[in-house]
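A look at the structure
So you can see what is in the structure, the chains are spelled out below.
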Amino acid sequence: MKNRSGLTAWMVAMLFLVPASFVWAQASSDEKPFAEAHVILQLSDQEREAVVLDTANNLIKHYGGPDFIDIEIIAFGPGVRLLFAESEHQTRIDSLIENGVRFYICENTLDTMERKTGVRPEVIPRAIPVQTGVAHILEKVAEGYTLVRP
Amino acid sequence: MKNRSGLTAWMVAMLFLVPASFVWAQASSDEKPFAEAHVILQLSDQEREAVVLDTANNLIKHYGGPDFIDIEIIAFGPGVRLLFAESEHQTRIDSLIENGVRFYICENTLDTMERKTGVRPEVIPRAIPVQTGVAHILEKVAEGYTLVRP
Amino acid sequence: MKNRSGLTAWMVAMLFLVPASFVWAQASSDEKPFAEAHVILQLSDQEREAVVLDTANNLIKHYGGPDFIDIEIIAFGPGVRLLFAESEHQTRIDSLIENGVRFYICENTLDTMERKTGVRPEVIPRAIPVQTGVAHILEKVAEGYTLVRP
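The following paragraphs examine the structure supplied in this document.

Take the sheet that holds strand 1 (residues 37–43) of chain B next. Residues and elements named next belong to chain B. Spatial ordering of the open sheet is given by 4-3-2-1-5, a layout of five strands whose pairing is parallel. The two strands at the open ends of the sheet, each matched to only one other strand, are strand 4 (128–130) and strand 5 (146–148). Across the sheet, the mean angle separating the axes of adjacent strands is 30° when strand polarity is ignored.

Right, here's the structure in full:
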């Protein structure tokens, strides 16, 4: 009898513990079910554009392909210029998007630029708008993403 | 009988699991009991002063008011100048402090400056001194804060 | 009987929960069994060399000696120059290594430099090579290290 109730306890404990540790250990990404790591790369300096794109490419190589690493890039402040319509990095950006990398752009930054210049900068259509860049980071870290600012 | 001991196991498991996940999920802040997120903003470059203050303001707006976001700013290295007595940002700093933002300043940095110049810089009275800026960051991250360097 | 099965449940729950929280709370480091915190310092800008070394020294002082703080430094991009054979910081690096600080260097960066200049830079022998700097960061953060970019 003791053994059976011990077994029940074991099973009940497993029931809770496995999902709990799963939530903690792993960010979920519908597009990257096999990702071994989840990273959000911060681009907030214009001069780091190439470094951020290089980092994304190196990570995809390192993990053995785009299915095994889940990468987001969040651009805010002077970093948003990477995603302007006339970006010199358009080819590399397209190639990363084909590999499942998501590019987010901060609307607050664009609002400020529009207020100062009278013109809202045109951004590439595949950039995903978020209102507040750092708030997006906080949400992603809460989901289990690691923030790196290369 | 099996059901009752199963129920006991369930309750015992809950007893442990709920507090455990609570500790992990949530930083505590006496001043911000309703905060949805806890962030520590790193200011270690003088040229990022405005960006850090903007970020704090944008977060307060994004979360719908100062009660819903818990913000600390830690200044060290060249970043401490933000909190010097003659800071040009005094009005913005005061307004953020009214909204519950805490400004910490690294004493090691001030010690070094005093050693080099013979004069200890005067800082605004509401800056909270900590001995080692990065150690403060490590403590806060251990409590559940997310470190962002805007 | 109910009490005994409750006790069993308790013990089983403990069996799982204690190791689970241990894994989360604490990065393990064979060389630093008494460390109170585990930090990985990112050096990716040449002009931050001194700041990163100062941070490591300040942390060792702050925690009361090298046994109580576990520090790694990962150099990539322009940051790798810190670990070149002719580094001006050699004495400070040696002293930190004596105190158990590990210095990692990104091979991808060295590969790129070699491709561009035709010569592979010579690095100090005690630098530990890793293929991809940011992948090393992701692994360490998954183990419980806190990433700081001073």
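Turning our attention to the pairing of strand 3 (residues 102–106) of chain A. Residue and element names in this part refer to chain A. Among the five residues in strand 3, five count as buried, and that is most of the element. On strand 3, burial covers both faces: R102, Y104 and C106 on one face and F103 and I105 on the other are all buried. In this sheet, strand 3 lies alongside strand 2 (residues 69–75) in parallel orientation, the contact comprising four bridges. Residue I74 lies in a different strand from strand 3, and its bridge partner there is Y104. Note on the crossover from strand 2 through helix 3 (residues 90–98) to strand 3: the handedness is right-handed. Inspection of the sheet shows strand 3 paired to strand 4 (residues 128–130) by three bridges, in the parallel sense. Pairing of C106 across the sheet is with V130, part of strand 4. Assessed by its sense of winding, the connection that carries the chain from strand 3 through helix 4 (residues 107–117) to strand 4 is right-handed.

Attention now moves to the packing of helix 2 (residues 49–62) of chain C against helix 3 (residues 90–98) of chain C. All names here are of chain C. In contact at an axis separation of 11 Å, helix 2 and helix 3 are set at 35° when each is read in the N-to-C sense. When the axes of helix 2 and helix 3 are compared, the crossing they make is left-handed. On helix 3, the residues touching A50, L53, D54, A56, N57 and I60 of helix 2 are R92, I93 and L96. The residue inventory of the contact of helix 2 with helix 3, partitioned by class, reads six nonpolar, one polar and two charged.

One full turn of an α-helix is made of 3.6 residues, so residues set three or four places apart face in the same direction. Burial in helix 4 (residues 107–117) of chain B covers these residues: B:N108, B:T109, B:L110 and B:M113. Where the residues of helix 4 of chain B are buried, they touch strand 3 (102–106) of chain B together with helix 2 of chain C. A positive phi of about 85° marks B:G118, the residue just after helix 4 of chain B.

Turning our eyes to something else, we now look at the pattern of salt bridges. Counting across every chain of the model gives 36 salt bridges over all chains. For B:R92, the salt bridge goes to B:D54, with nearest N and O atoms at 2.9 Å. Of the two residues, B:R92 is situated in helix 3 (residues 90–98) and B:D54 in helix 2 (residues 49–62); the sequence distance between them amounts to 38 residues. Of the charged contacts in the structure, one is a salt bridge between B:D94 and B:R126, with a shortest N-O distance of 3.7 Å. Here B:R126 lies in the loop between helix 4 and strand 4 and B:D94 lies in helix 3, a separation of 32 residues in the sequence. The partly exposed category is assigned to B:R126, whose relative accessible area is 40%. One network of salt bridges, with partners in common, ties together A:D70, A:E72, A:R102, A:K140 and A:E143.

Reading the values: rules and limits
- Residues numbered from 1 in each chain as written.
- Chains lettered and ligands numbered in written order.
- Predicted model: local features only at pLDDT ≥ 70, side-chain atom pairs only at ≥ 80, totals over all residues.
- Heavy atoms only, no water.
- Pairing = 2+ DSSP bridges.
- Helix = DSSP H or I, 4+ residues; strand = E, 2+ residues; numbered from the N terminus.
- Axes fitted to C-alpha atoms, helices over the stretch in contact; angles between N-to-C directions.
- Buried < 20%, exposed > 50% of the residue type's maximum accessible area, 1.4 Å probe, protein only.
- Right-handed = clockwise from strand over helix to strand, strands pointing away.
- Left-handed = near helix turned anticlockwise from the far one by under 90°.
- Contact = heavy atoms within 4.5 Å.
- Nonpolar A, V, L, I, M, F, W, Y, C, P; charged D, E, K, R; others polar.
- Salt bridge = Lys/Arg side-chain N within 4 Å of Asp/Glu carboxyl O.

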